[in-house]
Every structure is written in structure tokens, then in C-alpha cells.
Amino acid sequence: MKNVCVFSATVVEKYSIYWVKIPGPIISQSGVPLMSSKPQTVALPAVPPSLLANGFSSTGCGSSKFCVRNPTSCDPQQDLPCFFLSFRREGDSMLIEMSGPVKGYLSFALSHDQWMGDDDVYLCLIDGQTVEINPAYNRGRRHPEVALPDVLRDTLWRREDGILQCSFRRDLHIADSTERFPLDGNYFIFLADGDVEDGRLHRHQRQPLITSKMYNIAESTEDVGGSRSPLLIKFHGAMMFIAWMTTVSIGVLFARFFKPVWPTSTLCGEKIWFQMHRILMVTTVLLTAVAFVLPFLYRGHWSTRAGYHPYLGCIVLALTVLQLILAVFRPPPSSRST
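Residues numbered from 1 in each chain as written. Predicted model: local features only at pLDDT ≥ 70, side-chain atom pairs only at ≥ 80, totals over all residues. Heavy atoms only, no water.

Participant: Quick question: what am I supposed to make of the overall build of the protein here?
Facilitator: Scanning the protein from N- to C-terminus turns up 3 helices and 18 strands. Evaluated residue by residue, the protein yields a buried proportion of 35% over its 338 residues. Counted over contacts in the protein with a minimum sequence separation of 6, partners at least 24 positions apart contribute 54%. Approximately 20900 Å² of the protein is accessible, and the part contributed by carbon and sulfur atoms is 59%. (Helix = DSSP H or I, 4+ residues; strand = E, 2+ residues; numbered from the N terminus. Buried < 20%, exposed > 50% of the residue type's maximum accessible area, 1.4 Å probe, protein only. Contact = heavy atoms within 4.5 Å. Areas by Shrake-Rupley, 256 points an atom, 1.4 Å probe, with all protein chains shown as cover.)

This is the structure we're talking about:
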């Protein structure tokens, strides 16, 4: 008796990418008892459950552990939009917890300056239905180089209601490693988030949260916040807001409505309304020029990743200077056309 068999295969690349019932070649053999043609069920391995039973809490921030929070004083246990990072020293090791509303990855870095590059990075990355926790290292402004998690232990994670939480333990000092910084040094702290596609990290869509100064997380139990905008960029935004929402608007109002209020009154030989209009417009030009320079002082070069904003700034500055030039060459009101 001849037995004919057709084998089917199921191939899994990752949790969300798999192929089911791929037919193989027909195999026949004589003198073998017939096998049951009843299809067999192939069970896929179950996704391991989250190991982190309970969420994080801000209890102990400022007293028993060092915390970075945004918004300031938020509690990850109660506030969904809370970005939270804590460090608790326990002997020669550090227990680290981080939490935030992300869909791809959440990471923090220890840095010697407030610029991305040459930083000790730690990633909490969503991969399908599981989460990977790995150390990494930034060489310049490029994707972090992910390393093996052998320097981390007690790694736990949790995902619930769009919140990703990870915790792990790391020794204060890692021997023979220049990429893993000693945790008892002084560092700026970065906290960033972004998207992940097929295991590849995308550049964070917004500025990372950066502490305003360097901290020693092993010796300090402070409760600090951070800023997603450097000081120079804040001044840039404030100056542009004052120039185009305040001084230029008031200057136009003086020229439009205050001519009949002071028809003959003068200030330094010119009518008051005109002097106020001119002072406010010149102030607008100066504020715009200074605000235009500040991002270049911060970046040090033209930013290729800032989208249309730099081009719009160049257009605004050009039109502002052109308006000033036209005003200088405008004839006085007493002149007559020929």
C-alpha cells in the first residue's frame, strides 16, 4: 500500500509577519500504514505577559530618588501624558524607571553637553507585542548603535492605555567600556521618544526633553523638570512674537488712527504720531534681525531638518528690511509730485 503525504509549513518572521500552510512537495512511500488526513493545528508561541505588575509612581521623587518629569510634578500613575524618568541608587547599582505615552520607543541619554552625540543611551522599544530594552551609543547626530543588553539586569516592561513603562538595573561602573558612562558622574539628561518601523528607530519628531544643567544622579535625589526648547530658541520665539504681535501692530495703529489726535503736536521736530510709528517700526526690524540670528548661533549652521521654517524666516527678514529701505526713501509729506 502506498502512502501519499503533503506537508504544510508555517513560517514566522516576527509577531506580525508570518506565512501559514505553505504546501511542500508530494511524498509517497510504499508499505507504510496510512496516516490520518485530519489537519493538525499548529500552535504559535504565546506572547509572554508583561513582567511589570504595577505602574510607576512619583512617590519618593526628591527624597529617595532622582526624578525628571514633564509636565513638572506630574505622576505617571495618574497623569497619562506624563513623561517620567527616575534613578534610585541601591548600593553599587542603579534602578532606573522610565514612562511615557509613546507608540514606538522611549529613551534617555546621559551627555556631557546639551547636544546629541557621543552619549550613553538606553532604549525601551516596542517590537510587535513585546518590548526590547537595550543600551546604545550615539556617535554624532546619527541613529544610535544598539548594544547587547548584557550590562542590564532585572529588565521589566509594561504597556497599558498607550503608556510604555520600562525598568532595569545597571551597575554604577562598567569595566572596560567607554560607551557606558559611570553613573556617579555629572551629566545632562535627555529624554526622547519617537516612532519605530520594522525594528528601525525613526528620528524623534520633537526636541528631546533636556535638563537645564548637569546632575550627579548617584549622589542627588532632586526632582527636576526639563525643557524641549533651548534658551536661545525661546528668545527667538519671544522676540518674533513681540515684534509681529505687539510693536508692528501698535505702530500701524498710531499711523492709522492717531493723526487727528495730535495734528500739530511735535516730538523732536516731528509729529508725535509719526515719531511713535517710526520708533515702533524700527524696533520691529531690530527684533526680527536679532531673532533671525539666534537659531544660527544655536545650531552653528543652516538646519536641513527644520522644514520650511528657515526659508519662511529668510522671507520675513527680507521683506522687513525692504520695508525699512522704502520708508527711508519715501518723500516727506510736504513734498509735491511734479
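Past the structure itself, the notes keep going.
Participant: In this structure, what is going on with the sheet that holds strand β4 (residues 83-90)? I would like to understand it.
Facilitator: Sheets are built from strands that pair by backbone hydrogen bonding, the pairs being arranged parallel or antiparallel. Sheet architecture is open: 6 strands sit in the order β10-β11-β5-β4-β3-β16, paired in mixed fashion. The open sheet terminates on both sides in strands that have one partner only, identified here as β10 (152-160) and β16 (223-224). Examined bridge by bridge, strand β3 (residues 66-70) and β4 share 5 bridges and lie antiparallel to one another. Following the sheet pairing, Cys67 is matched in β4 by Ser86. (Pairing = 2+ DSSP bridges.)

Participant: How should the sheet that holds strand β15 (residues 209-210) be read in this particular structure?
Facilitator: The 6 strands are arranged β9-β8-β7-β6-β12-β15 in an open sheet whose pairing can be described as antiparallel. A strand with exactly one partner marks an edge of an open sheet, and here the two such strands are β9 (145-146) and β15. By the bridge criterion, 9 bridges tie strand β7 (residues 119-127) to strand β8 (residues 130-138) in an arrangement that is antiparallel. Residue Tyr122 lies in a different strand from β8, and its bridge partner there is Pro135.

Participant: Teacher, can you tell me more about helix α2 (residues 272-299) here?
Facilitator: Here α2 spans 42 Å end to end across 28 residues, near enough to the 40 Å set by a 1.5 Å rise per residue. Among the residues of α2, Ile272, Trp273, Gln275, His277, Leu280, Thr284, Val285, Leu287, Thr288, Ala291, Leu294 and Tyr298 are the ones counted as buried. Where α2 is buried, its residues contact α1 (231-257), β17 (266-267), β18 (270-271) and α3 (309-328). Phi for Gly300, located one or two positions after α2, is positive at around 85 degrees. (Expected span 1.5 Å × (residues − 1).)

Participant: Help me understand the environment of Glu222, please; the structure alone is not making it clear to me.
Facilitator: With respect to the helices and strands, Glu222 occurs in the loop between β15 and β16. Given a relative accessible area of 34%, Glu222 falls into the partly exposed group. Sequence spacing of Glu222 and Phe87 is 135 residues, and the spatial spacing of their C-alpha atoms is 10.0 Å. The residues contacting Glu222, other than those within four sequence positions of it, are Gly62, Lys65, Phe66, Cys67 and Tyr215.

In short, shape yes, function no, at least from these values alone.
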